[in-house]
Each structure stands twice: as C-alpha cells, then as structure tokens.
Amino acid sequence: MWITCVAAKSMNKYLETLYPSWGQRFVVDEVLFEHQTDHQHLVIFKNQQWGTVMALDGVIQTTEKDEFVYHEMMTHVPMLAHGSAKKVLIIGGGDGGILREVLKHKQVERVVQVEIDQAVIDMCVQYLPGHSNGAFDDPRAEIIINDGVKYVAECDETFDVIISDSTDPIGPGEVLFTSPFYQGVKRCLNAGGVFVAQNGVAFMQLDEVTTTQKRLSPEFNQVTFYAASVPTYVGGVMTFAWASDNKALKTVDEATLQGRFEAANLSCRYYTPAVHRSAFALPAYIENAVNGVAS
Ligand code: SAM
C-alpha cells in the first residue's frame, strides 16, 4: 500500500536535490504521478526538453529523451564483451530499460530482475511505456520484488552477466554499494562472467568510484570502470563499475565486438563497438583516483 499521495498538481518546477549546493531544474509541464511509496518518493512529470521524466527521492532517474545512452551502454558493453550470455540478473532497473535491451540478445534464455519497488515498475509501464516496451511480459523474464542485497545472498542459481541498475547510494539503493552485496554478486556470477553497476558521475561523486574500487577488488581479479556521457546525469561523465575474473572480457577487440554487434542485429543510438572500446579510456582524475594515486 502506498502512503497517502502528496498532491503535487501545483508543482511547476522540479529541483534535483542530489547535491546540496547545486543541481538541475526542470519546468514541470504536467505532473503525471507522485507518491511516497513504501521505499522512496516517486514522481513522474512531463518536461518540454526531456519528455517524460522520472525521479526518485529527489534524484533524476531517467528521461524519455536520453535514456538510450545509459541503457545501451549499461547493457551492450557487458553483453557483447561476454559474447554468449544465456542467463542475466538485473538488480533494480524498475523502469524496464535495461530489461528491454538485454532481451534484444536472442541467445538470452532467462533474465531475472530483482526490483525492490513494485510501484516503480507499475508507474513506468503506465507513464514511460517506451522504456520497457513490453519487456516485462517477455516469457524469458522473471520479475522478483525484493531487496537486491537479500536476493544475491540467498539465490540458488548463477548468471553469466549481472547488471546493477540501482539508484544512488542513498535510501534503498545504499545497500547495493556494500561489500555484502558485492560478495553476493560474486557467489551468483558464473566463471568467466561479468558484473557491471551504475557508479555515479565521477566528477561529482569520485568517492563512490574509489569506494566501489576498494569494496569490489577483494572479490574479483579485475575491477575497473567505463564511462558515458548521459545528459541528465549532470556534472560530467557517468561511470559504470566493471568486475570480472576473466580479464580478457575487458579487452575484446573492436572487430570481434563488431561481429557480435552485427550478429545480434542491434540498432543503437549511442553504442558502437568503437564507443565500447573507448569507454574504458578514463580521464586521468578518475584513473588516478582508482589507482589510489593522489591527483
Ligand atoms: N538509471 C538510474 C540511475 O543511474 O540512477 C537508475 C534507474 S532505476 C529506476 C533504479 C532502481 O533501483 C529503482 O527502480 C529502485 O526502486 C531500485 N532499487 C533501489 N534500491 C534497491 C534495492 N536495494 N534492491 C532492488 N532494487 C532497488
């Protein structure tokens, strides 16, 4: 049951509150939905520049206009690097964008998605239907409403690719940046598999990158990051954590990626094999922080 709806019909500006002294502002043309769910404050509104926008606990999660950048890079980089993933686990991802992109890989036989908040799924299906685009009804997909940290601690199956599409490490998302979560991911990942996770905008959240590096490193032979520029994740490039015991996955050559990309018959607006490869070339301030070198 959702806590009483907070009437927001009069809201005509949305101010993101991720950072205490700076943030982006949206003119709200129409509030489509607002609720304090059992887990977080959920609002979905229309904006002339970005289309329909969804925010959780004061942080922009996704917009119609630029969602393709994040969902393509979060999905096709690990999927095409792996090359033959049949079982995929998604943690979070309630808007359905990651699930939509994973299911485009026809060799995928089963996707388990563990989302803590049913309200996010329901409202995104209703107000952001293009994100999931029917993915939640795909027979290969199993949707589980649970806390991701509990699921990976207890689940009795393993996966080739695990994608953590969580909120920032505040509120319910906080546990998805902890050592117990990463240990659970490790126990659920097949040998030769790869784990990726949204890891914040490094220029603004560099401590998130270094903390993830420290907490993931004991679990995997290789921990690094790749990046993409997502316009409404303001403050610079968005980083994605990458962890695998198979170091070869990170350096799959462009020709091989191109072959897999064509075989998958993907049509992307941001991802290309060249962008895939270059995404791992990190700016010095991130590289230095990750290597523990004072920048
Ligand atoms: N692309 C966005 C970003 O980079 O911030 C994330 C989008 S997606 C909407 C984030 C999802 O994580 C939400 O649906 C939220 O409910 C879910 N979530 C947060 N904490 C969770 C947890 N502990 N277990 C499972 N899902 C969680």
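Participant: For the overall build of the chain, give the residues involved together with the corresponding values.
Facilitator: From N to C terminus, the chain includes 10 helices and 13 strands. Going through the 295 residues of the chain one by one, you find that 56% of them count as buried. Excluding contacts between residues fewer than 6 apart, the proportion of contacts in the chain whose partners are at least 24 apart in sequence is 68%. Accessible surface, the chain: about 12,100 Å² in total, of which carbon and sulfur atoms supply 52%.

Participant: I'd like a rundown of the sheet that holds strand E8 (residues 110–115), residues and numbers included.
Facilitator: The mixed open sheet is built from 7 strands, whose spatial order is E9-E8-E7-E10-E11-E13-E12. Because the sheet does not close on itself, it has two edges, and the strands there are strand E9 (141–145) and strand E12 (222–228). Ignoring strand direction, the axes of neighbouring strands in this sheet form an average angle of 20°. Sheet strands touched by helix H1 (residues 67–82): strand E7 (87–92), strand E10 (159–165), strand E11 (189–201), E12 and strand E13 (238–244). Its angle to E10, the strand with the most contacts, is close to 160°.

Participant: Provide a residue-level description of the site of the ligand, including the pertinent values.
Facilitator: The immediate surroundings of the ligand are formed by 27 residues, with Gln40, Glu115, Gly148, Pro172 and Tyr233 found nearest. Note that an oxygen atom of the ligand is positioned 2.8 Å from one of the side-chain N or O atoms of Gln40. Measuring from a nitrogen atom of the ligand, one finds a side-chain N or O atom of Asp147 at 3.0 Å. Protein chains bury 99% of the 600 Å² of accessible surface belonging to the ligand in isolation. Sorting the residues of the shell around the ligand by element identifies strand E5 (51–56) and E8 as the ones contributing at least two each.

Participant: Got a sec to walk through the side chain of Asp66? Specific residues and values, please.
Facilitator: Looking at where Asp66 falls in the secondary structure, it is placed in the loop between strand E6 (59–63) and H1. Look at Asp66: it is buried, it has no salt bridge, and the nearest opposite charge is Arg269 at 9.2 Å. Side chain to side chain, Asp66 and Thr232 meet in a polar contact 2.6 Å long. If sequence neighbours within four positions are ignored, Asp66 has contacts with Trp50, Val230, Pro231 and Thr232.

Participant: Summarise the pairing of E8; cite the residues concerned and give the values.
Facilitator: Burial analysis of E8 places 5 of its 6 residues in the buried class, which makes it a mostly covered element. The pairing of E7 with E8 spans 5 bridges and is classified as parallel. Across the sheet, residue Leu89 finds its bridge partner in E8, namely Val112. Handedness of the E7-helix H2 (residues 97–102)-E8 crossover: right-handed. Relative to E9, E8 is paired through 5 bridges, and the arrangement is parallel. Of the residues in E9, the one forming a bridge with Val112 is Glu142.

Participant: If you had to explain the environment of Tyr14 to someone new, which residues and values would you point to?
Facilitator: With respect to the helices and strands, Tyr14 occurs in strand E1 (residues 13–15). For Tyr14, a relative accessible area of 7% puts it in the buried group. When residues no more than four places from it in sequence are discounted, the contact partners of Tyr14 are Gln24, Arg25, Phe26, Val28, Val43, Phe45, Ala55, Gly58, Val59 and Ile60.

Participant: Pulling in residues and values, what's your account of helix H3 (residues 118–127)?
Facilitator: Looking only at H3, the buried set comprises Ala119, Val120, Ile121, Met123 and Cys124. Summarising the contacts, the buried residues of H3 are in contact with strand E3 (30–36), strand E4 (41–47), E5, E8, helix H4 (129–132) and E9.

Participant: Tell me about the sheet that holds E6, and please be specific about residues and values.
Facilitator: Spatial strand order, E3-E4-E5-E6: 4 strands in an open sheet with antiparallel pairing. Only two strands of the sheet have a single partner each, and these edge strands are E3 and E6. Recorded for the sheet is a direction-independent mean angle of 20° between the axes of neighbouring strands. Note: E5 against E6, 4 bridges, orientation antiparallel. From the neighbouring strand, Ala55 faces E6, where its bridge partner is Ile60. Those strands touched by H3 are E3, E4 and E5, and its axis lies near 15° from that of E4.

Participant: Kindly report on a nonpolar patch on the surface, identifying the contributing residues and their values.
Facilitator: Together, Trp22, Phe203 and Met204 make up an exposed nonpolar region whose accessible area comes to about 320 Å². Note on placement: Trp22 falls in the loop between E1 and strand E2 (25–27).

Participant: Just give me the short version of the nonpolar core, but keep the residues and values in it.
Facilitator: A general trend in soluble globular proteins is that nonpolar side chains are found buried together. By size, the foremost hydrophobic cluster in this structure holds 43 residues, and its most contacted members are Val88, Tyr226 and Trp242. Of all the elements in the fold, those that place two or more residues in this core are H1, E7, H2, E10, E11, E12, E13 and helix H8 (254–264). Listed in part, the 32 residues of the second largest apolar core include Val185, Leu189, Phe225 and Ala227.

Participant: Please give an account of the side chain of Asn47 that cites residues and values.
Facilitator: Mapped onto the elements of the fold, Asn47 is located in strand E4. Judged by relative accessible area, Asn47 falls into the buried class, the value being 9%. Of note is the side chain of Asn47, whose polar atom sits 2.8 Å from the backbone oxygen of Val27. In this structure the side chain of Asn47 is engaged in a polar contact, spanning 3.0 Å, whose partner is the backbone nitrogen of Trp50. Apart from the residues within four sequence positions on either side, Asn47 is in contact with Phe26, Val27, Asp29 and Val53.

Criteria and thresholds
- Residues numbered from 1 in each chain as written.
- Predicted model: local features only at pLDDT ≥ 70, side-chain atom pairs only at ≥ 80, totals over all residues.
- Heavy atoms only, no water.
- Helix = DSSP H or I, 4+ residues; strand = E, 2+ residues; numbered from the N terminus.
- Buried < 20%, exposed > 50% of the residue type's maximum accessible area, 1.4 Å probe, protein only.
- Contact = heavy atoms within 4.5 Å.
- Areas by Shrake-Rupley, 256 points an atom, 1.4 Å probe, with all protein chains shown as cover.
- Pairing = 2+ DSSP bridges.
- Axes fitted to C-alpha atoms, helices over the stretch in contact; angles between N-to-C directions.
- Near = heavy atom within 4 Å.
- Polar contact = N/O pair within 3.5 Å; in protein donor to acceptor, adjacent residues only side chain to side chain.
- Lys, Arg positive; Asp, Glu negative; His and termini not counted.
- Salt bridge = Lys/Arg side-chain N within 4 Å of Asp/Glu carboxyl O.
- Right-handed = clockwise from strand over helix to strand, strands pointing away.
- Patch = residues over 30% accessible without salt bridge, like charges linked within 9 Å, V, L, I, M, F, W, Y side chains within 5 Å.
- Core = buried A, V, L, I, M, F, W, Y, C linked by side-chain atoms within 4.5 Å.

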